[in-house]
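A closer look at the structure
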Amino acid sequence: MAELELPDFEVRTDEDAKTIKVTIDTLENYVVSIEQGATLSTATVHALNKITDWIPYALAELGEARDRFAYNSKMWNLIVEMKDTLRSVSSDVDRIFGKND
């Protein structure tokens, strides 16, 4: 995988949400593609550590966005979905590190 782009972001518009959703979906696809029990390359370990470090930041930003869009159910639901995806990715990364140590 090419170097991960894990941006600083704010969700203030629909376009902002679509942009960060692409990033989150990319992370999810990357993590899911890692074979359980496989020996991890240095690059993979680096990428997973980078993801692990970025997720709390992303969850906090999405929490603020969720509050901003409390009266826009479409955006609110999208933000909640992205937060759920990040939590799932975090669990998957923990599982990968646990099974691949």
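Reference entry: report on the structure contained in this document.

Thresholds applied
Residues numbered from 1 in each chain as written. Predicted model: local features only at pLDDT ≥ 70, side-chain atom pairs only at ≥ 80, totals over all residues. Heavy atoms only, no water. Helix = DSSP H or I, 4+ residues; strand = E, 2+ residues; numbered from the N terminus. Polar contact = N/O pair within 3.5 Å; in protein donor to acceptor, adjacent residues only side chain to side chain. Contact = heavy atoms within 4.5 Å. Core = buried A, V, L, I, M, F, W, Y, C linked by side-chain atoms within 4.5 Å. Buried < 20%, exposed > 50% of the residue type's maximum accessible area, 1.4 Å probe, protein only. Phe/Tyr/Trp six-rings, centres within 6.5 Å; stacked < 30°, edge-to-face > 60°. Expected span 1.5 Å × (residues − 1).

A word on the side chain of Thr44. Along the chain, Thr44 falls in helix α2 (residues 42-68). At 2.9 Å, the side chain of Thr44 forms a polar contact with the side chain of Ser41. In this structure, Thr44 is in contact with Tyr30 and Ile34, ignoring residues within four places of it in sequence.

Let's shift gears to the nonpolar core. Membership of the largest hydrophobic core comes to 30 residues, with the highest contact counts inside it found for Val11, Leu48, Ile51 and Trp54. Residue assignment for this core shows that the elements contributing at least two residues are α1 (14-32), α2 and α3 (73-99). With residues up to four places along the chain from it excluded, the contact list for Trp54 reads Leu6, Pro7, Phe9, Ile20, Thr23, Ile24, Leu27 and Leu86.

On to the packing of aromatic side chains, then. Scanning all chains against the criterion turns up two aromatic pairs. With 6.0 Å between their ring centres and 45° between their planes, Phe9 and Trp54 make a pair best called tilted. Placement of Phe9 in the segment before α1 and of Trp54 in helix α2 is noted, with a sequence separation of 45 residues between them. Residue Trp54 is classed as buried on the basis of its relative accessible area, which comes to 6%. Ring geometry for Phe9 against Tyr57: centres 5.6 Å apart, planes inclined by 85°, an arrangement best described as edge-to-face.

Attention now moves to α1. Under the 1.5 Å per step criterion, the end-to-end length of α1 is 27 Å for 19 residues, consistent within 8% with the ideal 27 Å. If you check which residues of α1 are buried, you get Ala17, Ile20, Lys21, Thr23, Ile24, Leu27, Tyr30 and Val31.

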